[in-house]
Amino acid sequence: MKYTQLGRTGLKVSRLVLGTMNFGPQTDEATSHTIMDAALDAGINFFDTANVYGWGENKGRTEEIIGNWFAQGGERRDKVVLATKMYANMADTDAAWPNHDKLSALNIRRAVDASLKRLRTDYIDVYQFHHVDRNTPFEEIWQAIDVLVQQGKILYVGSSNFPGYKIAQANEIAARRGGTIGLVSEQCLYNLAERRAEMEVIPAAQEYGLGVIPWSPLHGGLLGGVIKKEVEGGRRASGRAADTLANPTSRAQIQAYEDLLEKHGLEPGEVALAWLLTRPGVTGPIVGPRTAEQLASAVRAVELELSEELLAGLDEVFPGPGPSPEAFAW
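Everything in this summary refers to the structure shown in the same document.

### Let's talk about the overall build of the chain
Thought 1: Along the chain, the regular secondary structure elements total 14 helices and 10 strands.
Thought 2: Relative to its length of 330 residues, the chain is compact, with a C-alpha radius of gyration of 20 Å against a globular reference of 20 Å.
Thought 3: The principal-axis extent of the C-alpha atoms belonging to the chain is close to 55 × 50 × 40 Å.
Thought 4: Among the 330 residues that make up the chain, the fraction classed as buried is 50%.
Thought 5: Accessible surface computed for the chain: about 15000 Å², of which carbon and sulfur atoms make up 49%.
Thought 6: Each charge class in the chain can be summarised by its mean position, and for the 33 positive and 42 negative side chains these summaries are 4 Å apart.

What follows is the structure, given as structure tokens:
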């Protein structure tokens, strides 16, 4: 496994991030524990989750699974850089009771204490805002975070799904307040098929020293050899991937991608991850394996070297927006 600094911090994290969203809804607890053990064995030390994972009436279940794994000992908690997220309504009903969601100082305090209990730990390494809260000023947010840092409950703070201007606003206000390190990471949708983050989000993250942690690196399975699997009678595309493939133009693009990689004798999913590791500002993509076999495939991507010819071919199939601000200025 290879490691890098998380943004401008001194924190060393693996170039792959273990995503845990499937733990509970799709992967049972025993298998989830096996995957986490395998991740540590492979050298992955950066684990990502969220308080809402488990979804519906099982919100918080994923954090509980991780907490039970930590409780097994063996230096599991000590070896892991633990990141979780908060924002969503964690109340028992779909209708949020006032102050049971978003980024008010009250809900930040409530959410971190609840996550610590479920995770069975006394601190969170990277505490992330899952979404922008347009109604809460960053002065209030940073005051709440400062208290949690002083209490030793969190060490660093990251954002998720923030536009570039909010990354800038958050860190400018943090700098004016003094004593607050501000955001150190941004978790955003970014992959070969979805490159809009290159317009504003990634330039802002680089300017302010945030590590970029792409989620959905296979774009809902579209970049994992979905057409080949379909032809071979394997798992069929569903959800967003199926909707995309229903569009003839999009299907032709995915087919061109798979044909290019077949020519080079490479696995599509591994190339999609390896491509992200070549991108400026990227700390590491979040991989969400449902099985140990899927984890092993992701780990192979870290050692995969992509030729200039292949990189150029990928840009032809999935052209990015171009350099910012030129891409939208003229």
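### Quick look at the packing of helix α4 (residues 105–119) against helix α5 (residues 138–150)
Thought 1: Where α4 contacts α5, the axes come no closer than 9 Å and their chain directions differ by 35 degrees. At the point where α4 passes α5, the crossing takes the right-handed sense. Taken together, the residues of α5 that come into contact with α4 (itself represented by Ala105, Ile108 and Val112) are Glu140, Ile141, Ala144, Ile145 and Leu148.
Thought 2: Across the contact of α4 with α5, the residue classes break down as seven nonpolar, no polar and one charged.

### Quick notes on the packing of α5 against helix α6 (residues 164–177)
Thought 1: The contact between α5 and α6 brings their axes to 10 Å, and the two run at 60 degrees. In terms of axis orientation, α5 runs oblique to α6. For the pair α5 and α6, the crossing hand works out as right-handed. Contact residues: Phe138, Glu139, Trp142, Gln143 and Asp146 in α5; Lys166, Gln169, Ala170, Asn171, Ile173, Ala174, Arg176 and Arg177 in α6.
Thought 2: The residue makeup of the contact of α5 with α6, split by class, is five nonpolar, three polar and five charged.

### Let's talk about the nonpolar core
Thought 1: The biggest cluster of nonpolar side chains holds 80 residues, and the ones touching the most others in it are Phe47, Ile108, Phe129, Trp142, Ile145, Tyr257 and Leu314.
Thought 2: When residues of this core are assigned to their parent elements, the largest contribution, seven residues, is made by helix α11 (residues 268–277).
Thought 3: With residues up to four places along the chain from it excluded, the contact list for Ile108 reads Met86, Leu103, Tyr127, Phe129, Ile141, Ala144, Ile145 and Leu148.

### Focus: α5
Turn by turn, an α-helix covers 3.6 residues, leaving residues three or four places apart pointing in a common direction.
Thought 1: Here α5 is 13 residues long and its end C-alpha atoms lie 18 Å apart, about the 18 Å a rise of 1.5 Å per residue gives.
Thought 2: Those residues of α5 that fall on the buried side of the exposure criterion are Phe138, Ile141, Trp142, Ala144, Ile145, Asp146 and Leu148.
Thought 3: Packed against the buried residues of α5 are α4, β6 (124–129), β7 (154–160), α6 and β8 (183–189).
Thought 4: Phi turns positive, to about 80 degrees, at Gly152, one or two residues after α5.

### Focus: the pairing of strand β9 (residues 211–215)
Thought 1: When you tally the buried positions in β9, you get four out of five residues, the bulk of the element.
Thought 2: As paired strands, β8 and β9 are joined by five bridges and run parallel to one another. Counterpart to Leu189 in the pairing with β9 is Trp215.
Thought 3: Taking the sense of rotation as the criterion, the β-α-β connection linking β8, helix α7 (residues 201–208) and β9 turns out right-handed.

Calculation criteria
Residues numbered from 1 in each chain as written. Predicted model: local features only at pLDDT ≥ 70, side-chain atom pairs only at ≥ 80, totals over all residues. Heavy atoms only, no water. Helix = DSSP H or I, 4+ residues; strand = E, 2+ residues; numbered from the N terminus. Rg over C-alpha atoms; globule rule 2.2 N^0.38 Å. Buried < 20%, exposed > 50% of the residue type's maximum accessible area, 1.4 Å probe, protein only. Areas by Shrake-Rupley, 256 points an atom, 1.4 Å probe, with all protein chains shown as cover. Lys, Arg positive; Asp, Glu negative; His and termini not counted. Charge placed at Lys NZ, Arg CZ, Asp CG, Glu CD. Axes fitted to C-alpha atoms, helices over the stretch in contact; angles between N-to-C directions. Left-handed = near helix turned anticlockwise from the far one by under 90°. Contact = heavy atoms within 4.5 Å. Nonpolar A, V, L, I, M, F, W, Y, C, P; charged D, E, K, R; others polar. Parallel < 35°, antiparallel > 145°, perpendicular 65-115°, else oblique. Core = buried A, V, L, I, M, F, W, Y, C linked by side-chain atoms within 4.5 Å. Expected span 1.5 Å × (residues − 1). Pairing = 2+ DSSP bridges. Right-handed = clockwise from strand over helix to strand, strands pointing away.

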